Amino acid sequence: MYGAASARLLADRGRKVLVLEKRDHIAGNAYTEDIDGICVHRYGPHVFHTDSESVWNFVNRFARFNGFVNQPLANYKGELYSLPFNMNTFREMWGVDEPGQAEKIIQEQIHAAGYGNTEPANLEEQAISQVGTDIYEKLIRGYTEKQWGRPCRELPASIIRRIPVRYEFNNNYYDDRYQGIPVNGYTAMVAAMLEGIDVVTGVDYLEGDNREYWGRQADRIIFSGQIDAYYDYRYGPLEYRSLKFESETVDLGSHADETGTPGKYYQKRAVINYTDIRVPWTRIIEHRHFAEDTEMSAKEDRSLSCRTIITREFPFTWKQGDEAFYPVNDEKNQRLYEQYLRLADEEKRVIFGGRLGNYKYYDMDDVILAAMEDTAKLL
């Protein structure tokens, strides 16, 4: 998304732009494809959300959004809990209906664990100091250790701060003003964003003589791949997590939901996290939910009432040659990234951006905002 947004912003100001894409398709990890009339998020769920009016106005130039609100659930040994952590979660966990009751339970658990008065040293301490031990053990620990491939005590506290906690009945995962998914999918949105711009897919800029050849074609280069790969891993590779996706088409006529009732969907929500460490996947995505209340949803109801597509997501440790999905931003990797950043600061022609170029866990709106700021420096 960083590369596509940068290309559009520069082209709008009269710059001639060429986009090189390593994969055989545009739209990066937000890529969507139509499979039997269902818009499938190939690389995991992407719900656009932002508080920035300028970013929202920018993406709405290229797509109409459906207003989808992300309200995931957590499945722990067959028990379902609302996410993010809010009064619905606390009622499901402890049977309480008042914020004061939930706060009392959480504070008692924090006190019993000995946390709350000191700065958390790791993710486990951070999580327990926010929501106590019950929620940590059932809804955070197993999921997080599968996602990151290491014990919570070895993960930085900063990771868990992305998860909101609310003492109100509100299952909307994001607080942002603007939310939704492009009605025709992200691929169509990015295609509109790149209209009139030269795009070459299936080209790895870092492979063979490509860097020398394509580097001669431009005065400036915006690079959104791995910054450590750009420098041939001079100081060693940074750590990333990668993902494997396994999709299947499910016959709803022979499938019952969690309550045992056959229905319109495989599961109650678009995203259900599996928080038991013994379940090998972290979540199951059901793509039909993303098209709720849109023309595509009506089309699916007519033509695909008995079928749905689900995807199971499996994190694993990245190695060279794998797709890098998100950085491991612990202290060791941050120090290594700063070594590469010093090299990048010396570059005269190259700008690094996006999750991999900046080694930072960006949301899509932050990526676009960064593209706006970075391209403004070139104009």
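Whatever comes next refers back to the structure up there.
Residues numbered from 1 in each chain as written. Predicted model: local features only at pLDDT ≥ 70, side-chain atom pairs only at ≥ 80, totals over all residues. Heavy atoms only, no water.

Q: Which parts of the structure should I look at to understand the layout of surface pockets?
A: It is the rolling of a water-molecule-sized probe over the atoms that shows where space remains empty. Taken as a whole, the second largest pocket holds about 300 Å³ of empty space. Ala-344, Asp-345, Val-350, Ile-351 and Phe-352 are, among the 19 residues lining the second largest pocket, the residues nearest its centre. Here the lining of the second largest pocket takes four residues from helix H10 (residues 331–345), the largest share from any one element. By residue class, the composition of the lining of the second largest pocket is 10 nonpolar, two polar and seven charged. (1 Å grid on protein atoms, 1.4 Å probe; cavity = no way out; pocket = protein on both sides within 12 Å on 5 of 7 lines; lining within 4 Å. Points joined across faces, edges and corners; volume = space filled by probe spheres on them. Helix = DSSP H or I, 4+ residues; strand = E, 2+ residues; numbered from the N terminus. Nonpolar A, V, L, I, M, F, W, Y, C, P; charged D, E, K, R; others polar.)

Q: What is the right way to look at the side chain of His-289 in this model?
A: Note that His-289 resides in the loop between strand S12 (283–286) and helix H9 (295–303). Residue class for His-289 comes out buried when judged on its relative accessible area of 2%. What His-289 contacts, discounting residues up to four positions off in sequence, is Phe-68, Tyr-265, Gln-267, Lys-268, Arg-269 and Ala-270. (Buried < 20%, exposed > 50% of the residue type's maximum accessible area, 1.4 Å probe, protein only. Contact = heavy atoms within 4.5 Å.)

Q: Could you clarify how one ought to interpret helix H5 (residues 123–148) in this entry?
A: Because an α-helix packs 3.6 residues into every turn, residues spaced three or four apart end up facing the same way. Look at H5: only 11 Å from first C-alpha to last across 26 residues, short of the 38 Å you get at 1.5 Å a residue. A bend of about 120° at Gly-132 is the largest found in H5. The element H5 is extensively covered by neighbouring structure, given that 19 of its 26 residues are classed as buried. Between a side-chain oxygen at the N-terminus of H5 and the backbone nitrogen of Glu-124 the separation is 3.1 Å; the capping residue is Asn-122. In the stretch just after H5, Gly-149 is the one whose phi turns positive, near 70°. (Expected span 1.5 Å × (residues − 1). Bend = angle between axes of the 7 residues up to and from the residue. Polar contact = N/O pair within 3.5 Å; in protein donor to acceptor, adjacent residues only side chain to side chain.)

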